[in-house]
Amino acid sequence: MSKLIRWGIASAGKISEDFVIALSTLPASDHKVQAVAARALDRAQEFATKHGIPKALGSYEELAKSTDVDVVYIGTLNPQHYEVAVLMLNNGKHVLCEKPLAMNKKQVEGILAAAKAKKRFFMEAVWSRFFPSYQRVKELISSGQLGQVKDVEVNFGFPLAHVDRLQKRDLGGGVVYDLGIYTIQVSQWAFQEKPEKIESKGTVNAEGIDDDVSATLTYSGGRTARMRFSSKEKLSNTAVIKGTKGQVTLIDFWTPNKLIDIDGQEKEWLPPKGKYETNYANSEAMRYEAEAVRQSIIAGDVENKNVTYADSLLFAEIEDTIRKQIGVLNKYDEQ
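Summarised in this report is the structure supplied together with it. Given the structure is predicted, the values throughout are model-derived calculations rather than measurements.

Conventions we followed
- Residues numbered from 1 in each chain as written.
- Predicted model: local features only at pLDDT ≥ 70, side-chain atom pairs only at ≥ 80, totals over all residues.
- Heavy atoms only, no water.
- Helix = DSSP H or I, 4+ residues; strand = E, 2+ residues; numbered from the N terminus.
- Buried < 20%, exposed > 50% of the residue type's maximum accessible area, 1.4 Å probe, protein only.
- Contact = heavy atoms within 4.5 Å.
- Phe/Tyr/Trp six-rings, centres within 6.5 Å; stacked < 30°, edge-to-face > 60°.
- Lys NZ or Arg CZ within 6 Å of the ring centre and 35° of its normal.
- Polar contact = N/O pair within 3.5 Å; in protein donor to acceptor, adjacent residues only side chain to side chain.
- Salt bridge = Lys/Arg side-chain N within 4 Å of Asp/Glu carboxyl O.
- Axes fitted to C-alpha atoms, helices over the stretch in contact; angles between N-to-C directions.
- Parallel < 35°, antiparallel > 145°, perpendicular 65-115°, else oblique.
- Left-handed = near helix turned anticlockwise from the far one by under 90°.
- Nonpolar A, V, L, I, M, F, W, Y, C, P; charged D, E, K, R; others polar.
- Pairing = 2+ DSSP bridges.

Structural notes on the environment of Asn78
In this fold, Asn78 is placed in the loop between strand S4 (71-74) and helix H4 (81-90). For Asn78, a relative accessible area of 8% corresponds to the buried category. Each C-alpha atom of the pair Asn78 and Met286 lies 18 Å from the other, and the pair is 208 residues apart in sequence. Not counting residues within four places of it along the chain, the set of residues in contact with Asn78 comprises Lys99, Pro100, Met103, Leu171, Gly172, Tyr177 and Asp178.

Some points on the packing of aromatic side chains
Tallied over the entire structure, the rule returns 12 aromatic pairs. Residues Trp127 and Phe131 carry aromatic rings whose centres are separated by 5.2 Å and whose planes lie at 75° to one another, so their mutual orientation is edge-to-face. Owing to a relative accessible area of 6%, Trp127 belongs among the buried residues under this scheme. Note on Phe156 and Phe158: the rings are 6.1 Å apart at their centroids and 75° apart in plane angle, and the pair reads as edge-to-face. By relative accessible area, Phe156 is classed as buried at 3%. Classification of Phe158 by relative accessible area gives partly exposed; the value is 25%. Put simply, the rings of Phe156, Phe158, Tyr182, Phe253 and Trp254 pair up and form one aromatic cluster. Sitting over the ring of Tyr276, Lys50 keeps its end group 4.8 Å from the ring centre.

Here's the deal with the environment of Asp18
As for its placement among the helices and strands, Asp18 is situated in helix H1 (residues 14-23). A residue is classified by how much of its surface remains accessible, and Asp18, at 0% relative accessible area, is buried. Between the C-alpha atom of Asp18 and that of Val163, which follows or precedes it by 145 residues, the distance is 18 Å. When sequence neighbours within four positions are dropped, the list of residues in contact with Asp18 reads Thr278, Asn279, Tyr280, Ser283 and Met286. A polar side-chain atom of Asp18 sits 2.7 Å from the main-chain amide nitrogen of Asn279.

Points about the pattern of salt bridges
Applying the stated criterion across every chain, the model contains 26 salt bridges. Asp30 is paired through a salt bridge with Lys3; the nearest N and O atoms lie 3.5 Å apart. Placement of Asp30 in the loop between H1 and strand S2 (31-37) and of Lys3 in the segment before strand S1 (5-10) is noted, with a sequence separation of 27 residues between them. By relative accessible area, Asp30 is classed as buried at 7%.

Some thoughts on the packing of H1 against helix H2 (residues 41-51)
With their axes 12 Å apart at the nearest point, H1 and H2 run at an angle of 20° to one another. Classified by the angle their axes make, H1 and H2 are roughly parallel. The two elements H1 and H2 meet at a crossing, and its hand is right-handed. Every residue of H2 that contacts H1 at Ser16, Glu17, Val20 and Ile21 is listed here: Phe47, Lys50 and His51. A class-by-class count of the residues in the contact of H1 with H2 yields 3 nonpolar, 2 polar and 2 charged.

Considering the sheet that holds strand S14 (residues 266-268)
Pairing is mixed across the open sheet formed by 8 strands, whose spatial order is S8-S9-S10-S7-S11-S12-S13-S14. Where the open sheet ends on each side, the last strands, each with one partner, are strand S8 (197-204) and S14. Taken over all neighbouring pairs, the strand axes of this sheet differ in orientation by 10° on average, direction set aside. Contacting strand S7 (149-157), strand S9 (210-218), strand S10 (224-230), strand S11 (238-243) and strand S12 (246-251), helix H8 (residues 175-191) runs over the sheet at an angle of about 160° to S10. Across the sheet, helix H10 (residues 309-326) is in contact with S8 and S9; its angle to S8 comes to roughly 55°.

A closer look at the sheet that holds strand S5 (residues 94-98)
Overall, parallel pairing links the 6 strands, which are arranged S3-S2-S1-S4-S5-S6 in an open sheet. At either end of the open sheet lies a strand with only one pairing partner, and these are strand S3 (55-57) and strand S6 (122-125). The sheet shows a mean angle of 25° between the axes of neighbouring strands, taken without regard to direction. With 3 bridges joining them, S2 and S3 adopt parallel strand pairing. Considered in S3, the bridge of Ala35 is made with Lys55.

The following block contains the structure:
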């Protein structure tokens, strides 16, 4: 296979646009956006014109059947991830699918079954884990410099009452899906084992969708990750990982260009800017996960060590447990 990988983009929304802008910061000899698909052809055409993409398609089926696309980035709304991911995999495409991967663990199992059956590369787009700051945390833990991880404290909150996709049931809303995935994945990055116990409490909006949740995940030896995620107010948005020999703090932990290292010094890594301003802060840093996908595909791998199939299954299981404990179930849980 040549060094170049050809991307297809499923959905012409804001996050898809940010991903395309992030790709534009990488060498054109390595990454090419070949096609964009949306359910409304005019939206795909507008997106393609703006970003210089050769093909605009009016359905995801057409993208799945495109012979000039190697890998598809899925940036649709949460409830569509399952259907679109399975469609792409069944048509032989490699897939990078936005988080949260699906509406529950059962759907995640369905997606992974399709990936395994077709022997395609598949990854949930937990972009944070590909930042230099997360790789530094991994190095501090694996080298023993941090000692044994004892405690993680992480919170993630913004006033998001006006954001429909977080607040509405039919759009796959809820803070467990949109914010909880981040606090869960950083805790798992630190502990690298399944929690033994999960305790959570939370509040819901008028639609019965979770809008503020606190949870404690307990690991072996009574070690804990304490987290809060909220769409009601801005929180400190840091992740503090404490070990027996010191601590490290990820600043803006979901998109952390900065960390406070074990020596108390701040370290910073800045991604380059793209051709356009991104819709969300620091989305240029999606370049790290995109390049990791390219390298995995070239190596013939079906998963990436930073976000494995097992990781995605566990994230979904933890999300399901928290939703159940706070009483937020949906139609997908009954299917």
